[in-house]
Amino acid sequence: SWFSLIATADIPEYAKKMGISLKYVAEQLMNRLKECELKPEKTHDRSVDREDIEAFGKNISYIKEMVIQETQRRSVSELKENDLNWSNKMHLKICHLTRGALLYEVPALSFQLVLKVAEKIKMLLAEESQSESPPEENRVHVDLIESAQDCLRSWRTQALKKPLLSPTKSVDKKELEVWNCHFTLEYGVEDWAKVWRDMTRIDLVKRIQEEYPFDQILIYWNERESLITLNHILLDCFETCALDSVDAVCQSKKEAELLAKLDACKNQKSLAILSKLIEKSWQRNPDQRADDISCVLSSDSAIHYCLLQGDCSKLNVSQEARGLIKEAEKRFHMLAGGLHNGSVKYRDLQELLQKRKEFMGLFQAQQKNPLCEDMSSLQVLIEPLLSAREEELKAFQKEKIAIGTLIKMINKIFGIVTVTDITVLEESHNANVQNRPLNELVRIESWTGEQTKSRPAPEVKYFNVSSSIKAMAFTMQEMADSTVVSQCWVEAARASNYDEETLSDLCSSIWDLCFTDYSSLCEKVESGAITLLEVDRMFYNLREHPDEIEKELSIMFRVVKGSSLPPRRLRQIKEYYMLHSAADSAQMIQSLVTELELQGDFSKIQKLAKLNETAFKQQPLNDVDAELITTKQHLEKITPKCIECLDEFIRRQPFIKWVKEALTNLREVKVFVDLASISAGENDMEVDRVACFHDAIMGYSPFIYGLQQKTDFKTLRTSVEEIQKALNSDPLLAEKLADSARYLEWLRTLKECHGSVETSSMSLAAAINTKGIYTVGNVEPLHQGKLSLGDVLRLHLCDESTDELKEYALQDLEELQNKLMLMSGKRARGKEEVARFMENFTNVQRLGIAFIELYTSGNMLYRNWKAQVYCGKESDTCLTMDFRAGNIECLRISGDISEQLQILCRTLETCLQEWREFMGKRRATFYHLNYYTAEQIVYLCSELGMFAAGNLLSEQVLAMLSFIKPHCTAKEIGMVMHPADAVDEGIDALQEVEESEEFDASLKDAGVSKASCQRENANLPKAIIHLWTRFMGNMTAFLIDHLDTVAFGELLRQLSASNARAVRRQLPSSLHCGRPNLLICSRPEIFKTALCIYMQNPKQSLPSYDEVLLCSEETTCEEVELFLRRALSRGSLEQKIYTLIHADCLNYETSVRFGELFEELTRHCNPEYQLVVICDVKRQHCYIPSYLRHYKVPIGLNIKTEAIQQYLVNHFTVSQRRESAAHLFHDDLSVRIISSKRPGVGKSLYVDRLYQKLLQKDALKRIRLIEPKINEGQIVQKLQDSTATCNLRQPMIIHIDAAPVRKGLEEFLFKILVLGVLKNSQGRIWKRSSAHLYLVEHLNANELLNKPQTQQVNMGFLSVLPTIHCQSPKEVRELELKKRRGEISNIL
């Protein structure tokens, strides 16, 4: 109606003037509330919502007045069903629509409206004496009020989401207004009002308590003046929470911080808060003494803070708090007075000094207090006074420690000498002085304020002992940690003639004797004249603790000489005691020399053998010279267990002699042990004998194969050290030698039965494990063809008999591996050499495979990489790597060869995975990279890099780039390259230098040494990964005269953009865009079907090399991936049809990869891609036809041979404007098949005559195919070799004699004639030129063999090519006769 046109804010005014009923106004408001509720939220502009809410508030206010003024009496049920219902709904919608606390009055108004209606109902119910409604119905209005209250509380919770205290430590005034409004709502029923106020009070208290106690007090303090103007309940809630928070603040010891924040002494806003803080702060230590000063000196207490303010009389606090402050002032003044006159207690002075800063702050504050001006104790300089009292305290403490040391020393001679007056001293020392005044402990003079620097040293009077006793005590304290002094002290007491002495007598007799003896020892030590016997007297019990000896000597020289100890004497004493560790070893060596009749020089050990004799002990310390120490250092490593081993070696000489005669070197020992292990079979007893023999001989090998008759001490020492190492690894070495000697006859028999083949194979394996060096990587100029493991792996081994370096290929190593497996196949144990060889060989093969994958994937960092693996365990270096790049030197790795090889393999495999992902992303970014394999990209980047450096560009590069831009020239490529290179040239050069320096530093951090360094424990993965990361981050720093993939991709993009001719093909109507089209047909019809697809666009060129992929079992995953990327990826400016021919011929692995790539690429593919897959009907059960079976479509193409022939003729015809050998024919065709039914009918003669017509020298190139199967790589090589010196743009005849070919001819002809490109395994191509005439000799084998028509093979693609038939003279004559008779019109 017209009323709906009135603005919401104007409704009350119109309703008053026109007398519109309350019900109608309420209905209109409800409708508008619903409309507003359905509006979409406008988060960017809230002004419209605010205006609406304000308008609703006006209407609700008007309705509330109408309800109050309504005089018409209505029934309770009508009020319940109508007014109460819509008022409650109106309240719910208002709360839902009102966001934030800004318009808090509107929800409050809607709530009051509900209240007014409910009050009216309650009044009517009270007037009715008897209610016909049951009691449940009488509570309806009460339930709705409770619902409205809950709604208003929920709105309030949502509107007040932000913390009560803002980051600026203030409270939002609007929130206080909300709470004040809710506390002051008008209720007609007091019971309802009380319930509402109680709930609101609980909510407010919870909200306040969400803040920290510290902040609750802060809020109340800062907002108190505002709260006083509001409802008294607000002030009461905030004050209650603040008072309750005082306990928590005091427990966290933050009351002083809070008072400072509140500036409470200046802004005394709340007596209760300040008073309670003071009271609770005092009560933090309930067990404090009456004179306790901890509360006064605690910087975090409220008492301390108040005292810092100086005059506390102006503080407005409670009587109890004021009394506590006065008590604190009293205690502080007593403390200051005691400090001044020296009566301060020992305990209080200690605490005061610990809190010096706090005390001085209070002292200075009290000095400024007018009430304390008459107190003399506060009118002094506090810093000098404190320093003086501290010095006096330390003097007492130091003397107490010295007296304690004296008492301990006297207790050590208890039972030898009795000290009569020690009891009184002990009692004084043990007494508790915590409560004693300082002036009772130390002699203190009155403080005048002028005693600063000239004051005498404090005098301790507490212990009351003489100065000589004090001096003795302090000297003892200096030597308290010396065991030598204690020893001299006890010896002096034993030498005393008295059983009882006083402290004074003790000082003059026993102590003087003790110190004289101690000083004499010090003098002898300093001069070196002290005998070794006296050294033992002082330090024998400390001989195994050199640090304690050093400590003793330090004390001795500090006390006696007042200097530091002589390092030379300390070293001599330490070395003297270390000589004992070599005495037994010296005696053993002497015995060994005698038994083995060694004739070398062993004079150095003879002196050590007499170390424990008395005569040696009488020598002075100076006799411990460098020669003796050096000999000891050599012998001390020989352990008692090693001595037992050497003794066992002497006793088993007959067995040792047989070993040296039968097995002349360690390699023969290893071979013998391995063959013996194999011969032992499953006999555990014999297996144990062989293992025991091996361990014994290898452990004693330094003696068996190292000792000679003229061996001297130096050589013998080296051999003993090696045996010591073996013994550490095998503690049962001596027992194993004894056991092996018992089975000497069995070992002799076993030695005689070993054959030559086994021995030679095991010897070779052992030699490889000892001195073999594997070379993996780019070991030589790699041959042209598919890279195999044999091309990248070599083994070099030095022949000991001839000193020649032999090289072993993969085939030789595999043969050795097979022999070893046959020999050790029956044994699971005893083949350590075999297992080591097998493990290393397997890891090296894995490394070679990883290199091949990286090489063929086009990674330039590993292009020239070579690693050398050193198999010998004794080699310092187990692995070297040479990237053969300008800024990377050879890396050397040490460690376990097997572990390092596995780490290297895993690292290279990780690099390979990341490289593949990197190239996948680059191919996705730069669409035209998908035209080239990884090998082709490497070749092109290298050639283009050299072209940028000034070299000429080869025809091969131009041919390969013509896929992107047909007939492109070197000039065009240069124009594309040079602008970008000129900009980046300087930057790249600078980055290369900087990164080279950073790389060198990073290698050192990684623990990998360069060729000039020899560092062990290299962190191989970290070094290679760091190098790899640097390479991936900036390839140009590693590549010299070589483009990186990004630059190459950008070049291809710009070349493509400059191509004016774009291919635009349309699929036949029976095929579909945006999905694969699987066509199934007979094999002879496959090429015709493919050509029919492209015939739909006759004006477009023949299908190109990138549009069609002819599959075979040799087709690689990479070729399939690139084809799918070209077909499905975005980025091409052309609209091509991509055809996969013979997809059923792919091997299983490649087929599966096809499916995976298809699923992956179709997620982000070009939605209008055109893809056709053609398969043989007889092979539709294969993987790809089965995978694409849901995309199978009927061919629906009109395959007419004549139409296909005409299509090919149109495209094979060369324009007369172009110079071409095709003009030798009247129809200007550049392709001819020269066919015959049998050989020897003049096909080659026909070619020769055509060449004679060409009248150009060297313009005939013959390619004779002699194998029955096409080898495309060989043909490309022959074409390139034969035309290497020719101008390919000049007319030329390419004669291909394919008469012997029986397999793959049609595929070959389709590639070279239709697609116009041949490619070898290295990615080099031969591209057909329109200047060339292609003549292909073909022998029709079906006719030659006279097969019946049903058995003859359908010619297929050959049948649609332009063909010249060569026939015999007889057949030509018959044709001439038929022509004359008019039977035929054209004999061609």
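Positions within a chain are numbered from 1, following the residues in the order the chain's sequence is written. In keeping with the predicted nature of the model, local features appear solely for residues at pLDDT of at least 70, side-chain atom pairs appear and are counted solely at 80 or more, and the whole-chain, interface and lining totals rest on all residues. For the side-chain quantities, the full set of heavy atoms in the structure was used; hydrogens and water were omitted.

Draft legend 1. Summary view of the overall build of the protein. Across its full length, the protein carries 57 helices and 21 strands. Pairs at least 24 apart in sequence give 76% of the contacts found in the protein among residues at least 6 apart. Note on conventions: DSSP H or I runs of at least 4 residues are helices, E runs of at least 2 residues are strands, and numbering of each starts at the N terminus. Note on contacts: a residue pair qualifies if any of its non-hydrogen atoms lie within 4.5 Å across the two residues.

Draft legend 2. Geometry of the sheet that holds strand S16 (residues 1260-1264). If DSSP finds at least two bridges between two strands, the strands pair. Spatially, the 5 strands line up as an open sheet ordered S16-S17-S20-S15-S21, and their pairing is parallel. With partners counted over all chains shown, the strands left at the sheet margins are S16 and strand S21 (1363-1366), one partner each. Adjacent strand axes in the sheet meet at a mean angle of 20°, parallel and antiparallel pairs treated alike. Note: strand S15 (residues 1231-1236) against strand S20 (residues 1332-1339), 6 bridges, orientation parallel. Paired with Val1231 across the strands is Tyr1334, a residue of S20. Helix axes use the C-alpha atoms of the stretch in contact, all axes being lines fitted to C-alpha atoms, and the angles between their N-to-C directions lie in the range 0 to 180 degrees. This element, helix H53 (residues 1243-1254), spans S15, S16, strand S17 (1292-1297), S20 and S21 of the sheet and lies at about 170° to S17.

Draft legend 3. Inspection of empty space enclosed by the protein at higher detail. Within this scheme a cavity is a closed region of a 1 Å grid, computed over the protein atoms alone, that accommodates a 1.4 Å probe without allowing it to escape, whereas a pocket is open but has protein on both sides within 12 Å along at least five of seven lines; lining residues each have an atom within 4 Å of a point. Grid points are joined across faces, edges and corners, and a volume is the space filled by probe spheres set on the points. For the structure shown, the criterion picks out 1 cavity of 30 Å³ or more. Of the volumes computed, that of the largest cavity is approximately 100 Å³. Along its surface, the largest cavity is lined by 16 residues, and Gly858, Met860, Trp915, Ile937 and Thr1045 are the ones closest to its centre. Elements that contribute at least two residues to the lining of the largest cavity include exactly helix H42 (897-925) and helix H43 (934-948). In this classification, the charged set is Asp, Glu, Lys and Arg, the nonpolar set is Ala, Val, Leu, Ile, Met, Phe, Trp, Tyr, Cys and Pro, and all remaining amino acids, among them Gly, are polar. A per-class count over the lining of the largest cavity returns 11 nonpolar, 4 polar and 1 charged.

Draft legend 4. Molecular detail of the side chain of Arg863. If you trace the backbone, Arg863 turns up in the loop between helix H41 (832-856) and strand S8 (866-870). What Arg863 contacts, discounting residues up to four positions off in sequence, is Asn778, Phe851, Tyr855, Glu935 and Val938.

Draft legend 5. Geometry of the pattern of salt bridges. Note on definitions: salt bridges are taken to be side-chain nitrogens of Lys or Arg within 4 Å of carboxyl oxygens of Asp or Glu. The tally for this structure, following the rule as stated, stands at 50 salt bridges. Here Glu1119 ties to Lys1319 by a salt bridge, and the two come within 3.2 Å at their closest N and O atoms. Of this pair, Glu1119 sits in helix H49 (residues 1117-1128) while Lys1319 sits in strand S18 (residues 1317-1319); the two residues are 200 residues apart in sequence, bridging distant segments of the chain. Type-normalised accessible area, obtained with a 1.4 Å probe on protein chains alone, sets the label of each residue: buried when under 20%, exposed when over 50%, and partly exposed for intermediate values. By relative accessible area, which is 16% here, Lys1319 ends up buried. The network of salt bridges with common partners includes Arg356, Glu383, Glu390 and Lys394.

Draft legend 6. Spatial organisation of the environment of Leu1071. Examined against the element boundaries, Leu1071 turns out to sit in the loop between helix H47 (1045-1057) and strand S11 (1075-1081). Through-space distance from the C-alpha of Leu1071 to that of Val1193 is 7.2 Å; in sequence the pair is 122 residues apart. Residues within four places of Leu1071 in sequence aside, it is in contact with Asn1077, Leu1079, Val1172 and Val1193.

Draft legend 7. View of the sheet that holds strand S12 (residues 1108-1110). Across the sheet, which stays open at both edges, the 4 strands sit in the order S11-S14-S13-S12 with parallel pairing between neighbours. Of all the strands in the sheet, just S11 and S12 have a single pairing partner and so form its edges. With direction set aside, neighbouring strand axes in the sheet form an average angle of 15°. Both S12 and strand S13 (residues 1138-1141) contribute to a ladder of 3 bridges, which runs parallel. Counted as the bridge partner of Leu1110 is Ile1141 from S13.

Draft legend 8. Focus on the packing of aromatic side chains. Whether two aromatic rings pair depends on their centres lying within 6.5 Å, for rings of Phe, Tyr and Trp, where Trp uses its six-membered ring; planes under 30 degrees apart make the pair stacked, over 60 edge-to-face, and the rest tilted. Inspection of the entire model under this criterion finds 38 aromatic pairs. With a centroid separation of 6.0 Å and an interplanar angle of 10°, the aromatic rings of Phe396 and Phe463 are classed as stacked. With Phe396 in helix H19 (residues 382-412) and Phe463 in the loop between strand S3 (459-460) and helix H22 (467-478), this pair connects stretches of sequence that are 67 residues apart. Given the relative accessible area of 0%, Phe396 is considered buried. Residue Phe463 is classed as buried on the basis of its relative accessible area, which comes to 5%. Relative to Tyr1187, the ring of Tyr1183 lies with its centre 6.3 Å away and its plane at 10°, an arrangement referred to as stacked. Highlighted residues: Tyr1183 and Tyr1187, both in helix H51 (residues 1183-1187), separated by 4 residues, approximately one helical turn. Here a set of aromatic residues connected by ring pairs shows up, and it is made of Phe851, Tyr855, Tyr862, Trp865, Phe883, Trp915, Phe918, Trp1028, Phe1031 and Phe1038.

Draft legend 9. Quick peek at the pairing of S11. S11 sits mainly inside the fold: 6 of its 7 residues count as buried. Here S11 runs beside strand S14 (residues 1170-1176); their pairing, made up of 7 bridges, is parallel. Bridging across to S14, Ile1080 finds its partner in Cys1175.

Draft legend 10. The arrangement of the packing of helix H11 (residues 232-251) against helix H13 (residues 271-282) in detail. Close contact between H11 and H13 brings their axes to 9 Å; oriented N to C, the two are set at 20°. By the angle between their directions, the pair H11 and H13 is classed as roughly parallel. In the packing of H11 onto H13, the handedness of the crossing is right-handed. Taken together, the residues of H13 that come into contact with H11 (itself represented by Glu239, Ala242, Leu243, Asp244, Val246, Asp247 and Cys250) are Ala272, Ile273, Lys276, Leu277, Lys280 and Ser281. Throughout this description, any angle smaller than 35 degrees is read as roughly parallel, any larger than 145 degrees as roughly antiparallel, any in the 65 to 115 degree range as roughly perpendicular, and the remainder as oblique. It is the rotation of the near helix from the far one that decides the hand of a crossing: anticlockwise by less than a right angle makes it left-handed, clockwise makes it right-handed.

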